[in-house]
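Next come the chains, spelled out residue by residue.
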Amino acid sequence: IIFERRAIMFLFLKITGAFIVIATCAITGICWGAKTTYRIEELEHMQRAMTMLQNNIDFLAMPLPDALEEIGKKSYYIIANLFLKTANEMEKRKGEGGEEIWKQEVLHWQNTTYLEKQDIDAVIRFGTSIGYLDIEQQKASIILLLRYIETTLTQLQQKKIQQQKLYTSMGILGGMFIVVILL
């Protein structure tokens with residue numbers, strides 16, 4: 001009787017462990033699949049922020065640090081961090097070029113976002129016109145970044161569903177594979 005209880009208890013522990021491994025791997029797969037969704041959301045927020053910046057430059061003729069600060073106050077918090085910190089640095093370092101400040105802030109900011117290297121590069125390229133007096137050049141830079149974001153969003157929307165299914169399935173199958181190996 002004692003042997004049977006131990007065998008049942010051991011079997012129960014094996015099944016519980018197997019369930020935990022499969023569930024953990026499935027959750028990991030779901031999280032990997034969600035990265036694309038987060039990237040899409042951040043690109044959409046960046047698109048809104050850039051549109052607001054374009055409107056501030058076009059219609060209100062605001063100084064750049066003021067425009068960045070205003071947009072930072074109205075934006076999604078990850079995007080807001082970039083705009084607020086850049087505006088703050090521009091106020092502190094008035095004599096320096098906006099391009100270098102923007103690049104430095106984007107490089108600090110990139111670790112807090114789901115944007116990928118090519119997205120960060122596009123955001124940095126936008127900064128090449130920051131701080132110049134030529135408003136047309138600034139507007140052209142904003143339009144270029146908005147086009148990049150639009151194209152990227154279209155591509156990511158198509159990939160999103162496939163990647164979520166793929167990563168979730170891989171997580172579940174990976175968990176099952178580990179369970180089979182361990183048992």
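Shown above is the structure to which this text applies.
Reading guide: rules and limits
- Residues numbered from 1 in each chain as written.
- Predicted model: local features only at pLDDT ≥ 70, side-chain atom pairs only at ≥ 80, totals over all residues.
- Heavy atoms only, no water.
- Helix = DSSP H or I, 4+ residues; strand = E, 2+ residues; numbered from the N terminus.
- Buried < 20%, exposed > 50% of the residue type's maximum accessible area, 1.4 Å probe, protein only.
- Polar contact = N/O pair within 3.5 Å; in protein donor to acceptor, adjacent residues only side chain to side chain.
- Patch = residues over 30% accessible without salt bridge, like charges linked within 9 Å, V, L, I, M, F, W, Y side chains within 5 Å.
- Areas by Shrake-Rupley, 256 points an atom, 1.4 Å probe, with all protein chains shown as cover.
- Salt bridge = Lys/Arg side-chain N within 4 Å of Asp/Glu carboxyl O.
- Axes fitted to C-alpha atoms, helices over the stretch in contact; angles between N-to-C directions.
- Left-handed = near helix turned anticlockwise from the far one by under 90°.
- Contact = heavy atoms within 4.5 Å.
- Phe/Tyr/Trp six-rings, centres within 6.5 Å; stacked < 30°, edge-to-face > 60°.

Draft legend 1. The arrangement of the environment of T151 in detail. Relative to the helices and strands, T151 is located in helix 6 (residues 135-182). Judged by its relative accessible area of 45%, T151 falls in the partly exposed class. Among the polar contacts listed, one links the side chain of T151 to the backbone oxygen of R147, at a separation of 2.9 Å.

Draft legend 2. Here's a closer look at a nonpolar patch on the surface. Among the surface-exposed residues, F177, I178, I181 and L182 lie close enough to one another that they form a single nonpolar patch of about 440 Å² accessible area. With respect to the secondary-structure elements, I181 resides in helix 6.

Draft legend 3. The arrangement of the packing of helix 3 (residues 77-92) against helix 4 (residues 98-109) in detail. Remark: helix 3 packs on helix 4, axes separated minimally by 9 Å, with the N-to-C direction vectors making an angle of 145°. Crossing of helix 3 over helix 4 shows right-handed handedness. On helix 4, the residues touching I78, I79, N81, L82, F83, K85, T86, E89 and M90 of helix 3 are G98, I101, W102, E105, V106 and W109.

Draft legend 4. Focus on the packing of aromatic side chains. In the structure shown here, the tally under the stated rule is 4 aromatic pairs. Between W32 and Y167, the ring centres sit 6.2 Å apart and the planes meet at 45°, which makes this aromatic pair tilted. Taken together, the residues span a long stretch of sequence, with W32 in helix 1 (residues 2-60) and Y167 in helix 6 at a distance of 135 residues. Consider the rings of Y38 and Y114, whose centres lie 4.9 Å apart with planes at 40°: the pair is tilted. Residue Y38 is found in helix 1, and its partner Y114 is found in the loop between helix 4 and helix 5 (117-126); the two are separated by 76 residues along the sequence. The structure contains a cluster of three or more aromatic residues connected by ring pairs, namely F83, W102 and F126.

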